[in-house]
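Listed below are the residues making up each chain.
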Amino acid sequence: MVDSIRPTASEPSPEVRRGPEPVRPRQRNGRRKRYTGAPLVLISINLLLFVTFFVWPAITGLMYSFTSYTGVGPAPWVGLDNYQRLLQDDAFYAALIRTLVYTAGVVPLTIVLSLGTAVLLTSPYAKGKTIARIVFFLPWLISPIIAGVIWRWLFGENFGLVNYLITSLGGKEVAWQSNGNLSLIVVIIAAAWGGTAFNMLLFVAALKNVPTAYYEAASLDGAGSWAKFRRITLPAIAPTTFIVVLLSILHSMKEYALIKAINDGGPGSTNNLLVQYIYTKGFERAQIGYASAASFVLMLILMIVAIIQLVMNRRKES
Amino acid sequence: MTTSQAAPSRLTRRGFLSVGAAAALSLTALSACSSDDGDGSGAKKITFWLSTSAQLDGYTNLAKEFEAKEGVTVEIVNVPYDGYQDKLRQSAQANSLPDVASVPSLDPIWINQLQDLSATANNEANKIRKDILTVQDGKTLCIPSDITAAGLFINKTLFAKAGVEFPTDPNKTWTWDEFLAATAKVRDAAKAKYSLVYDNSPARIRAFIYNNGGKGFQLGSDGKYATPDDATIQALTKFAALNDDKVMPKSVWTSGADPNALFKSGQVVAYFSGVWQVADFAEGITNFEWASAPTPGPVHATDINLGGKVVAFTNGDRASAAKKWVDFMFQRDNYAKLAQSNGYLSVEAGLDLKYPFTKQSALDAFALYNKEIELADPISSSGQAAGTTLVLKGKAIQTDPTKTEMAKFINGQQDVQKTVTNIVNGLNEQVG
């Protein structure tokens, strides 16, 4: 039996006494100044972009969320009214729940598909890896709108390819568009298909970094493929899995383009996700203040998700 | 081209800064050169936004003639219809409106940035119909490019295959019940998939309500939308029931499936849409014969509307060129070419238009539409009139909730009463 590999202890055990700190060479004033200035210069462009395209719009958005701004003209201050209204809005809750369901569907499916593909592509027994890698990476190069149109053609209820195949085989047409749950399932599959490519690359890189010595030792111990995968591969790629899960959750909760292209949040308003709800309120109904409040609630949710995952990961590592 | 490997090492910090400064200056100079604002002597390039699937040629040809005559390039940007109004809104918010646009409706958000088009509209030589203009304090805000009407198209091949007759004279039209019975017969006999596909739009459903004796959602004298009459509620209920995946596919109204594509597949007996489809069908349908048929009754009505409303924005130095382009567009000879090429019902009186269609069905369709507009009940243009009234009061319906609320009703998310209440509330919320 092979034990799971564990991260190497990064700190010495308490019994080991630390030696005295090595004496650092004295630095001349000019040199110290250079080390302060150079990093600042190096990060200045990023800092400028971050402030211009994130901090400033975020502050503006936060301010708007306390107003009844319509997009032009004055922005009358309404205090917390938008937030209070939001908490009583059934459509907001419906969109939030649908977003959570969508995320709960997309993330595990993406992980399974991308990890499975990566394992196959790194397997020494696989043939045609280069071509397969290109083929599997193609979905990442397609814009979500185009991907949506493709999936709409596939799962079009009236003349879609899938229904054509089903009816050709003697089956009955499936309501891929006008049934709310089936409609969501199509989007989940399409999103997982679209997200597999990039995550697969991350997993491929992680899998290649797992030392082969572990597998050799496990083979000598008589471990089978599944045992090796469970006890060696999965723990070794845990940091990558963490990043993939985090990114997938954040990306899924912000989904807009794909669902817009596939079913426009339909049937009816059944599959309106949070960002679509925000877009409708902000840009179609010109309720910028209210939409800003909803955006901040979404940001808060995403921050909570990220923080929880980071804390859990840190605890696991320690 | 050769590159020197020693070059980077010669770039000292001062050199680096000099190169950076020079690059920044060059970029500034380049951007100044590429600016379309010109130097005050008039722009050489203007942008013209519109949204069309099949009416682009007329504008493209006209833009070439305009460039040859005035030396101003017109960059035509075809914007997807879905979200076009939002895009204009966002552009107004970002202070980057186009110079000229053909818009579905005016928006109070940017209405104060419009140029006065009175000189073109009132030019006697143009003979533009005065009843279609939107005039505020003597200022003409827009000139519509064409008049439109909702109406019915049928798959003539399927009707012939089934041996079912259809009316051709709007004076002797059929009722919705007769039409549905006829199309059901055709569907079964010709083994088609659906009887009808129906455009997913509030304007189109207005025609259905009027045909069935309802007054629809009317703007009251108090500037608010009133709860509709019973006939309207019955019409909406009847319409929802037609979405049964046999008479009509549910996916069009609930999930945005494309009715145009469905009709073109040849598997649908009829399509309720509008006059602007004629140009597209004349070219795009080759696998079966189609025809325009009179709109079913019992009330002889349609939804008469205006096509793209042409507006010019006050965009600095480009404003003058923008106005010139609009004027050029509506000069009698130019407009005649545009209307013929794009298949427009004319906004200029007395034009003898010879549409370049080789298909007799397309020419017949125009004759039928003109007759339909003549015979239509006055209620047919009430939607358009309400829109103009609101715009002149500085208000507008940006997102008509009818489409979304009917989608929820058809999808079984709410009943007809809730649907009607939500539509009325949604409309009134926007008019304030």
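Residues numbered from 1 in each chain as written. Chains lettered and ligands numbered in written order. Predicted model: local features only at pLDDT ≥ 70, side-chain atom pairs only at ≥ 80, totals over all residues. Heavy atoms only, no water.

Per an unreviewed UniProt entry, chain B goes by the name ABC transporter substrate-binding protein and belongs to Hamadaea flava.

The name an unreviewed UniProt entry assigns to chain A is Carbohydrate ABC transporter permease, from the organism Hamadaea flava. The annotation that UniProt attaches to chain A under Sequence similarities (unreviewed entry) is "Belongs to the binding-protein-dependent transport system permease family." Chain A has a UniProt comment under Subcellular location (unreviewed entry) that states "Cell membrane". (UniProt positions renumbered as here; feature names shortened; annotations may be inferred.)

*Asks:* What exactly am I supposed to notice about the packing of aromatic side chains here?
*Replies:* Aromatic ring pairs: the centre-centre distance and the angle between the two ring planes describe each pair. Counted by the stated rule, this structure contains 42 aromatic pairs over all chains. Between W176 of chain B and F208 of chain B, the ring centres sit 4.8 Å apart and the planes meet at 65°, which makes this aromatic pair edge-to-face. Note that W176 of chain B is positioned in helix α7 (residues 176-190) and F208 of chain B in helix α8 (residues 202-211), a separation of 32 residues in sequence. The cationic tip of R85 of chain A hangs over the ring face of Y290 of chain A; the distance from NZ or CZ to the ring centre is 3.8 Å. A cation over an aromatic ring shows up here: K193 of chain B above the ring of F159 of chain A, its NZ or CZ 4.6 Å from the ring centre. (Phe/Tyr/Trp six-rings, centres within 6.5 Å; stacked < 30°, edge-to-face > 60°. Helix = DSSP H or I, 4+ residues; strand = E, 2+ residues; numbered from the N terminus. Lys NZ or Arg CZ within 6 Å of the ring centre and 35° of its normal.)

*Asks:* Honestly, the side chain of N315 of chain B in this entry has me stumped. Any pointers?
*Replies:* Position of N315 of chain B among the secondary structure elements: in the loop between β11 (309-312) and α13 (319-330). In terms of polar contacts, N315 of chain B uses its side chain to reach the backbone carbonyl oxygen of P98 of chain B, at 2.9 Å. (Polar contact = N/O pair within 3.5 Å; in protein donor to acceptor, adjacent residues only side chain to side chain.)

*Asks:* Sorry if this is basic, but what is going on with the interface of chain A and chain B here?
*Replies:* Counting residues at the interface gives 24 residues for chain A and 26 residues for chain B. Measuring nitrogen to oxygen at the nearest pair gives 2.4 Å for the salt bridge that ties E173 of chain A to K193 of chain B. Along the contact surface separating chain A from chain B lie 13 residue pairs in polar contact (both at pLDDT 80 or more). The element contributing the most residues to the side of chain A that touches chain B is helix α12 (residues 274-284) of chain A, with three residues. Looking at the side of chain A that touches chain B, its residues break down into seven nonpolar, eleven polar and six charged. (Contact = heavy atoms within 4.5 Å. Salt bridge = Lys/Arg side-chain N within 4 Å of Asp/Glu carboxyl O. Nonpolar A, V, L, I, M, F, W, Y, C, P; charged D, E, K, R; others polar.)

*Asks:* Is there a simple way to think about the UniProt feature "domain: ABC transmembrane type-1" (unreviewed entry) in chain A in this case?
*Replies:* Using the residue numbers shown here, the UniProt feature "domain: ABC transmembrane type-1" (unreviewed entry) corresponds to residues 96-309 of chain A. Across residues 96-309 of chain A, the secondary structure splits into 77% helix and 0% strand, with the terminal C-alpha atoms separated by 20 Å.

*Asks:* Sorry, what's going on with the packing of helix α3 (residues 90-122) of chain A against helix α10 (residues 238-253) of chain A here?
*Replies:* Packed helices, taken two at a time, are described by the angle between their axes plus the distance between the axes. Residues and elements named next belong to chain A. Two elements in contact, α3 and α10, have axes whose closest approach is 9 Å; the angle formed by their N-to-C orientations is 145°. Crossing angle aside, the handedness with which α3 passes α10 is right-handed. Residues T99, L100, Y102, T103, V106, V107, T110 and I111 of α3 pack against V244, V245, S248, I249, S252 and M253 of α10. Grouping the constituent residues of the contact of α3 with α10 by class yields nine nonpolar, five polar and no charged. (Axes fitted to C-alpha atoms, helices over the stretch in contact; angles between N-to-C directions. Left-handed = near helix turned anticlockwise from the far one by under 90°.)

*Asks:* What's the story with unusual backbone geometry in this structure? I'm lost.
*Replies:* Backbone geometry follows two general trends: most residues other than glycine have a negative phi, and most peptide bonds adopt the trans configuration. Cis peptide bonds are those with omega within 30 degrees of zero, and the linkage from G266 of chain A to P267 of chain A qualifies with 10°. Tracing the chain through its elements places P267 of chain A in the loop between α11 (257-262) and α12. The omega angle of the peptide bond from G297 of chain B to P298 of chain B is 20°, so this bond is cis rather than trans. Looking at where P298 of chain B falls in the secondary structure, it is placed in the loop between β9 (290-293) and β10 (304-306). One non-glycine residue, D264 of chain A, lies in positive phi territory at about 55°. On the secondary structure map, D264 of chain A appears in the loop between α11 and α12. For D264 of chain A, a relative accessible area of 33% corresponds to the partly exposed category. The phi torsion at D137 of chain B lies on the positive side, around 50°, for a residue other than glycine. Structurally, D137 of chain B is set in the loop between β4 (134-136) and β5 (139-144). (Buried < 20%, exposed > 50% of the residue type's maximum accessible area, 1.4 Å probe, protein only.)

*Asks:* Mind showing me how you'd approach the layout of surface pockets here?
*Replies:* If a probe the size of a water molecule is rolled over the atoms, the empty space left behind becomes visible. Empty space within the second largest pocket amounts to approximately 850 Å³. In terms of lining residues, the second largest pocket is bounded by 27 residues, among which P57, G61, F283, S292 and S295 of chain A are the most central. Listing elements by their share of the lining of the second largest pocket, those giving two or more residues are α1 (29-64), α12 and α13 (288-317) of chain A together with α4 (84-93) of chain B. Among the residues making up the lining of the second largest pocket, the classes are represented as 18 nonpolar, eight polar and one charged. (1 Å grid on protein atoms, 1.4 Å probe; cavity = no way out; pocket = protein on both sides within 12 Å on 5 of 7 lines; lining within 4 Å. Points joined across faces, edges and corners; volume = space filled by probe spheres on them.)

*Asks:* Looking at this model, I keep getting lost on the confidence of the model for chain A. Mind explaining?
*Replies:* Segments scoring low in pLDDT should not have their predicted coordinates read at a detailed level. Summing up the model confidence of chain A, the mean pLDDT is 87 and the portion of residues at 70 or higher is 89%. Note that residues 1-19 of chain A has pLDDT below 50 and, in this model, 14 contacts with residues that lie over four places away or in other chains. (pLDDT = per-residue confidence, 0-100.)

*Asks:* What's the story with α7 of chain B in this structure? I'm lost.
*Replies:* An α-helix turns once per 3.6 residues; consequently, residues spaced three or four apart project the same way. Residues and elements named next belong to chain B. Helix length check: α7, at 15 residues, gives a terminal C-alpha distance of 20 Å against a target of 21 Å (1.5 Å per residue), a fit within 8%. For α7, the full list of buried residues reads W176, F179, L180, A182, T183, V186, R187 and A190. An end-on view of α7 places all buried positions within 165° of arc, on one side of the element. Exposed residues lying more than 90 degrees from the buried face of α7 are D177, K185 and D188. Structurally, α7 contributes buried residues whose contacts are with β6 (147-155), α6 (156-162), β7 (194-198), α8, α9 (230-242) and β8 (268-274). Just beyond α7, the residue with positive phi is K191, at close to 55°. (Expected span 1.5 Å × (residues − 1). Arc of directions from axis to C-beta.)

*Asks:* Please clarify how the UniProt feature "transmembrane region" (unreviewed entry) in chain A should be interpreted in this entry.
*Replies:* Residue and element names in this part refer to chain A. UniProt's feature table lists "transmembrane region" (unreviewed entry) at residues 35-59, 100-122, 134-154, 182-207, 232-250 and 288-312, given in the numbering used throughout. A helix fraction of 90% and a strand fraction of 0% characterise residues 134-154, whose end C-alpha atoms lie 22 Å from each other. The distance separating the terminal C-alpha atoms of residues 182-207 is 35 Å; by composition the span is 100% helix and 0% strand.

*Asks:* Whenever I open this one, empty space enclosed by the protein confuses me. Can you help?
*Replies:* Residue and element names in this part refer to chain A. All chains considered together, the criterion is met by one cavity of 30 Å³ or more. By volume, the largest cavity amounts to about 60 Å³. In this structure, the largest cavity is lined by W151, R152, F155, G156, W176, Q177, S183, V186, V187, I262 and N263. Elements with a minimum of two residues in the lining of the largest cavity: α5 (144-155) and α7 (180-208). For the lining of the largest cavity, a count of residues per class yields six nonpolar, four polar and one charged.

*Asks:* What am I meant to see in a nonpolar patch on the surface here?
*Replies:* Residue and element names in this part refer to chain A. A cluster of nonpolar side chains, contributed by L40, L42, I43, L47, F50, V51, F54, M299, M303, I307 and V311, occupies part of the molecular surface with about 1,000 Å² of accessible area. Elements with a contribution of two residues or more to the nonpolar patch: α1 and α13. Top contributing element to the nonpolar patch by residue count: α1, with seven residues. Mapped onto the elements of the fold, L42 is located in helix α1. The exposure class assigned to L42 is exposed, which follows from its relative accessible area of 68%. (Patch = residues over 30% accessible without salt bridge, like charges linked within 9 Å, V, L, I, M, F, W, Y side chains within 5 Å. Areas by Shrake-Rupley, 256 points an atom, 1.4 Å probe, with all protein chains shown as cover.)

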